[in-house]
Amino acid sequence: MDPDGPTAEQRAQEAMLTLNKNKQLMRAICLVVFFTLAVCMASVAIYLRSWELMFKVEELQDFVTVTNEPDDACAIGTDRSQWIAGRIELFATCEARQREDHTRSDKEIYDLCFASRQYDRDSFCRRGTEVQILVFNVTNPADVTNGRMPSIVEVGRKSGGPLVFYRDCKTFDTQFVGTTVEYSEYCYHTYKYPATEGEDLNQEIIVPNVGLQEALGNSEYNMDYVVAVVWGTEGLLKLNATQATVEDFIRGQLLSFSWPNNFGINFLNAFSPATSRAGFAAKDNAHQLMKDAVSPLSRTCTVNGTSFNKNQCISMANVMATFARQYYESFQTDLVHPYGLRWQEGAGLFVKTTIGNALGYYSGYDDVILNYLFPKKVHWNVVPSESLVDVSGKTASGAADAANGVFTAGPLGPHKVVTAEVTRLGEYERYLGRERVIEFDWSGCRPRAPDGQVVVGQDGPFPPQCNGGEERSVRGSAGDFMQPELWNVNSLLDAEQARRPIFLTKLWRAIDLSLMETLTVQAGVEKLEVQEYNVRPEGLREARFSFNCATEYRAMADAGIVNRGTDCDVPVGMFNLAPVSNQIPYLWSLPHYFLVESGLYSNPRENLDGLLTPTGPRYKSVYYVDKQSGKVVVRAEKDQISVRLYQAEDVSGSGRDPNLQISMFTKHAAVTIPLYWSSTTRNSTEAELQYLAEFQIRFRSLWAAFIACMSTGAVALIFALFFGMLLYREQAERSVREKRKRIATDLDEAMPPAVEEEQEGLVQGDGNGEANGVAKDRSVPAGVGANGVSESGVGLGEVSKGAITNGPSGVKA
């Protein structure tokens, strides 16, 4: 061993010093690496959140919104014309293509898709909206005519299942203005099964005659005196009524000597349709006679230029009804044209017709009663076909009527739908030119001045009593889109998701749909997450026009003092559509009166035989909505239209003469009979579902990557802080050691040389720990003084020892 080489202790110290330096270097490297990783992960997260994710959100927003602006997405390379008829998936975000498709009918879009594809038409091509219908056939019309319970059966295709029609609507006069589109449209229907159209739609059914109900709804007090007008005048001609016969009937009604001469001739000349008498004016004369007899304000009537008092007017009206009954009953067992039934079966109150005519797919059926008031064919207007000319004419006429304060339930102008504002995407701003729904309280919303002047405009402002003081604006989804979330760009509150409004065109108002659950639907090999919405009782209850429904307001409403909600007299869950159906007493409900509450008024199902109790999804209105895009991917709107038969009113207490006996149908109850129920469906294609599913998957993956990057960056930052703390601690400890060394050095420099020599001597002492020469001085003394202090310098040694012990203070001492 080299005596001049480093000792083991020195080598250990050198190794420890090297290790400490390496540890410090590694910690510094880890600090830099983890900090760099944290910065990189944060940068990637910011990129994903602020660029990639937002780019996909903007792409989705471009897909769901339509604006009147140019778009680079319409060009493929240098070709800028393929967007007109190219594959829709290539131009899903092309504004020009979206605007063009808005003007096309479903059939036109389907034909374009069909022509551009050969092998995947089922996935990409959709025929359009389907309307599935089941009608109700009354099997016992004679019993119903006599006041018994109706018995009904559902009728569909001859081979089973519902009747199915395609509905294709084409827009015209389309204008994209700002964030909305204004357009008018006409629709036509096509039967889905042309091979069996004849046998399916020519099936005969017996149904309530809505033509008669429309005539009664437009008569004073909803009485059926119009039947006596039509059949009574016809009876005078066909039964060969003579002056003597007529006068005998009249005197039988009122035995009086006040009858003027030739009153029988006056009667025949006024009411017989013979060419030698009243001719075509006969029905009008009889109609005026009936109104004079019915009105409690009328005191006289004029017949063939001769004035008669009220009692004589009532007598002649009753005679007209007598001839009507005789003519009606003269058919005996013959069929009454055009009703296809015998008079015992309630011909006129009911009608036998074909399904196609009843639905309006064909021209409809004739009703001699209605034709007198409104010369037109009768049908339910379910699947009619219109043309651009038809709708344009109705719109112009309706706008003119509305401007003059005349009620009309037809179009007054174009629809207006939001297409480019995310918070109201797909919502109506106007429906058929209307901003507000006032048709169910027309007299309260648009009253005329005493001189007949129009004082309230079509768009208001409306008087406080309008709709009972509750504003009913046109609102809610048009059925294609609802408010989207766009991945938190337009965050929806829980309340906004729980209730979504949709405007039901048959109902003429919005209903709030209720969120039921979140589920997934198949989109090719992927899954699309959707929210299911249903029509629920609370939505039906809130949509009612039910103001001033208390019993004490009924008499006030009849007297014209207050207005009363049109839904007051129907069960909750049903709606009175008579005001927008030319007073045909139509009632809207869900199929089989699903969700109709029994309370003050019973559920109509309780008074019908053959109607099943509705259970399960078959009777529910269902909507599946993609939360991110707001697209309604599945829409199945269910509804049922019924008719409530007008009943002959009891004249007691009404101010009308109790001797008035002009009603023809008096035995039937005011029963509600269903006509049909339908399911209107419009579902997205598999390709559309896949397109939306890709957005959901991309959103989730980008969001997961963003979370992963942020988490990794956070962990890396924690590690960087940890290693930074270690480096800081080591640096602090080194600083303390160096400071101590400086203090020791300063101390050594401050000591006197003698003290230093003594200290060195002590350090170099023997194994007993004593310095050289000290033990000798401490031996038993030969020269110890009386005070025990050595005379040979032991005291100095003690002082030196004290100096070592006590430091500079000992030296000083």
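What counts, and where the lines are drawn
Residues numbered from 1 in each chain as written. Predicted model: local features only at pLDDT ≥ 70, side-chain atom pairs only at ≥ 80, totals over all residues. Heavy atoms only, no water. Helix = DSSP H or I, 4+ residues; strand = E, 2+ residues; numbered from the N terminus. Buried < 20%, exposed > 50% of the residue type's maximum accessible area, 1.4 Å probe, protein only. Contact = heavy atoms within 4.5 Å. Areas by Shrake-Rupley, 256 points an atom, 1.4 Å probe, with all protein chains shown as cover. Core = buried A, V, L, I, M, F, W, Y, C linked by side-chain atoms within 4.5 Å. Patch = residues over 30% accessible without salt bridge, like charges linked within 9 Å, V, L, I, M, F, W, Y side chains within 5 Å. Salt bridge = Lys/Arg side-chain N within 4 Å of Asp/Glu carboxyl O. Disulfide = S-S within 2.5 Å. 1 Å grid on protein atoms, 1.4 Å probe; cavity = no way out; pocket = protein on both sides within 12 Å on 5 of 7 lines; lining within 4 Å. Points joined across faces, edges and corners; volume = space filled by probe spheres on them. Nonpolar A, V, L, I, M, F, W, Y, C, P; charged D, E, K, R; others polar. Axes fitted to C-alpha atoms, helices over the stretch in contact; angles between N-to-C directions. Parallel < 35°, antiparallel > 145°, perpendicular 65-115°, else oblique. Pairing = 2+ DSSP bridges. pLDDT = per-residue confidence, 0-100. Expected span 1.5 Å × (residues − 1). Polar contact = N/O pair within 3.5 Å; in protein donor to acceptor, adjacent residues only side chain to side chain. Phe/Tyr/Trp six-rings, centres within 6.5 Å; stacked < 30°, edge-to-face > 60°.

A.B. asks: I keep staring at the overall build of the protein and nothing clicks. Help me out?
C.D. replies: What the protein contains, in helices and strands, is 24 helices and 18 strands. Considering the protein as a whole, with its 813 residues, one finds that 45% of them fall into the buried category. Across the protein, the fraction of contacts at a sequence separation of at least 24, relative to all contacts at a separation of at least 6, is 66%. Within the structure as shown, the protein displays about 40,100 Å² of accessible surface, and the carbon and sulfur contribution to it stands at 53%.

A.B. asks: Just to check I follow, could you spell out the nonpolar core for this structure?
C.D. replies: Within soluble globular proteins, side chains that are nonpolar generally end up buried alongside one another. Within the largest apolar cluster, 135 residues are counted, with the highest numbers of intra-cluster contacts made by L359 and W380. Considering every element that reaches this core, the biggest residue donor is helix α12 (residues 310-329), with eleven residues. Among all residues touching W380, those that are not within four sequence positions of it are V135, I205, V207, V210, A358, L359, Y586, L675 and Y676. Within the second largest apolar cluster, 26 residues are counted, among which are L53, L425, V530 and L692.

A.B. asks: What am I meant to see in a nonpolar patch on the surface here?
C.D. replies: Taken together, L25, M26, I29 and V33 make up a surface patch of nonpolar side chains, about 370 Å² in accessible area. Judged by its relative accessible area of 39%, I29 falls in the partly exposed class.

A.B. asks: Any chance you could explain the state of the cysteines here in plain terms?
C.D. replies: Note: disulfide means a covalent bond formed between the sulfur atoms of two cysteine side chains. One pass over the full model with this rule turns up six disulfides. The side chain of C549 participates in a disulfide bridge whose partner is C568; the two sulfur atoms lie 1.8 Å from each other. Judged by the sign of its S-S torsion, about -80°, the bond between C549 and C568 is left-handed. Here the residue C549 occupies a position in the loop between α18 (537-542) and α19 (552-558), and C568 occupies one in the loop between α19 and β14 (575-576), the gap between them amounting to 19 residues. Of the residues examined, C549 reaches a relative accessible area of 28% and is grouped as partly exposed.

A.B. asks: Looking at this structure, how should I read the side chain of T408?
C.D. replies: Structurally, T408 is set in the loop between α15 (388-403) and β9 (415-418). T408 gets classed as buried once you look at its relative accessible area, which sits at 15%. For T408, the contacting residues outside a window of four places in its chain are G398, D401, R434 and E439.

A.B. asks: Is there a simple way to explain the layout of surface pockets in this structure?
C.D. replies: By rolling a water-sized probe across the atoms, one finds the places where empty space is left. The space that makes up the second largest pocket amounts to roughly 1,800 Å³. Lining the second largest pocket are 43 residues, with N222, D558, D569, N576 and R644 sitting closest to its centre. Those elements giving two or more residues to the lining of the second largest pocket turn out to be α16 (442-445) and α19. Sorting elements by how many residues they give to the lining of the second largest pocket places α19 first, with four residues. Residue classes in the lining of the second largest pocket are distributed as 21 nonpolar, 14 polar and eight charged.

A.B. asks: Before we go on, may I ask you to explain the packing of helix α9 (residues 243-253) against helix α10 (residues 263-271) in this structure?
C.D. replies: Each pair of packed helices gets described by two things: the angle between the helix axes and the distance between those axes. It is the contact of α9 with α10, at a shortest axis distance of 8 Å, that shows an interaxial angle of 105°. One way to sum up the angle between α9 and α10 is to call them roughly perpendicular. Of α10, the residues touching α9 (which contributes Q243, V246, E247, I250 and R251) are F263, G264, I265, F267 and L268. Here the contact of α9 with α10 is composed, by residue class, of six nonpolar, two polar and two charged.

A.B. asks: Would you mind showing me how to read α10 here?
C.D. replies: Note that an α-helix has 3.6 residues per turn; residues three or four places apart therefore point the same way. Most of α10 is tucked away, with seven of its nine residues classed as buried. Within α10, burial applies to F263, G264, N266, F267, L268, A270 and F271.

A.B. asks: How should I be thinking about the pairing of strand β16 (residues 622-625) in this particular structure?
C.D. replies: Taking every second residue as pointing to the same face, both faces of β16 are buried, with V622 and Y624 on one and Y623 and V625 on the other. In the sheet, strand β13 (residues 526-534) pairs with β16 via four bridges, with the strands oriented antiparallel. Residue pairing in the sheet places Q531 in a bridge with V625 of β16. Here β16 runs beside strand β17 (residues 632-644); their pairing, made up of four bridges, is antiparallel. What sits directly across from Y624, in β17, is V634.

A.B. asks: Explain the confidence of the model for the protein here, please?
C.D. replies: A low pLDDT score tells you not to read the predicted coordinates there in detail. With 88% of its residues at a pLDDT of 70 or more, the protein has an overall mean of 85. Predicted confidence for residues 650-654 stays below pLDDT 50, and this span has three contacts to residues more than four positions away or in other chains. Within the model, pLDDT remains below 50 along residues 766-813, and this stretch shows 27 contacts once partners closer than five positions in the same chain are excluded.

A.B. asks: Please explain helix α8 (residues 225-238) as it appears in this structure.
C.D. replies: The end-to-end C-alpha distance of α8, which contains 14 residues, comes to 19 Å, matching closely the 20 Å that a straight helix rising 1.5 Å per residue would cover. Within α8, eleven of the 14 residues are buried, which leaves it mostly tucked inside the rest of the structure. Elements that come into contact with the buried residues of α8 comprise α7 (210-217), α10, α11 (282-294), α12 and α14 (368-373). N240 lies just past α8 and shows a positive phi near 55°.

A.B. asks: Whenever I open this one, the side chain of E214 confuses me. Can you help?
C.D. replies: If you trace the backbone, E214 turns up in helix α7. A polar atom in the side chain of E214 sits 2.9 Å from the side chain of K376. A polar atom in the side chain of E214 sits 2.5 Å from the side chain of N582. Setting aside chain neighbours within four positions, we find E214 in contact with L370, F374, K376, N582 and I584.

A.B. asks: Any chance you could explain the packing of aromatic side chains here in plain terms?
C.D. replies: If you walk through the whole model with that rule in mind, you get 26 aromatic pairs. When the ring of W231 is compared with that of Y328, the centres are 4.5 Å apart and the planes differ by 20°; the resulting orientation is stacked. Remark: Y328 occurs in helix α12 and W231 occurs in helix α8; sequence separation between them is 97 residues. For W231, a relative accessible area of 5% gives the class buried. On the basis of relative accessible area, Y328 is assigned to the buried category, the value being 9%. With 5.8 Å between their ring centres and 15° between their planes, W380 and Y676 make a pair best called stacked. Pair noted here: W380 is in the loop between α14 and α15 and Y676 is in strand β18 (residues 672-683), with a separation of 296 residues, a long-range link. Overall, W380 belongs to the buried group, its relative accessible area being 6%. An aromatic cluster is built from F165, Y191, Y193, Y361 and Y362, whose rings are joined through pairwise contacts.

A.B. asks: Before we go on, may I ask you to explain the environment of S473 in this structure?
C.D. replies: Mapped onto the elements, S473 comes out in the loop between α16 and α17 (494-498). In the structure, S473 is positioned 36 residues away from R509 in sequence and 8.4 Å away in space, judged by C-alpha atoms. Polar contacts involving the side chain of S473 include one to the side chain of E471, which spans 2.8 Å.

A.B. asks: Is there a simple way to think about the environment of I584 in this case?
C.D. replies: Relative to the elements of secondary structure, I584 occurs in the loop between β14 and β15 (586-589). Given the relative accessible area of 7%, I584 is considered buried. Here I584 is in contact with V210, E214, L577 and A578, once residues within four sequence places are set aside.

A.B. asks: I would appreciate a short explanation of the pairing of strand β7 (residues 306-309) in the present structure.
C.D. replies: Sheet faces and side chains relate simply in a regular strand, where the side chains alternate between the two faces. In this structure, strand β6 (residues 300-303) lies alongside β7, joined through four bridges in antiparallel fashion. Its bridge partner being in β7, C301 is matched across the sheet by F308. Two successive antiparallel strands, β6 and β7, enclose a turn made up of two residues, where N304 displays a positive phi of approximately 55°.

A.B. asks: Quick question: what am I supposed to make of unusual backbone geometry here?
C.D. replies: If a residue is not glycine, its phi is most likely negative; likewise, a peptide bond is most likely trans. Note the cis peptide between H337 and P338, where omega equals 5°. As for its placement among the helices and strands, P338 is situated in the loop between α12 and β8 (350-354). The step from G460 to P461 runs through a cis peptide bond, and the omega angle for that step is 5°. If you trace the backbone, P461 turns up in the loop between α16 and α17. Although it is not a glycine, N262 sits at a positive phi angle of roughly 60°. Checked against the element boundaries, N262 lands in the loop between α9 and α10. The class of N262 is partly exposed, set by a relative accessible area of 47%. Positive phi values are uncommon outside glycine, yet N548 reaches one of about 55°.

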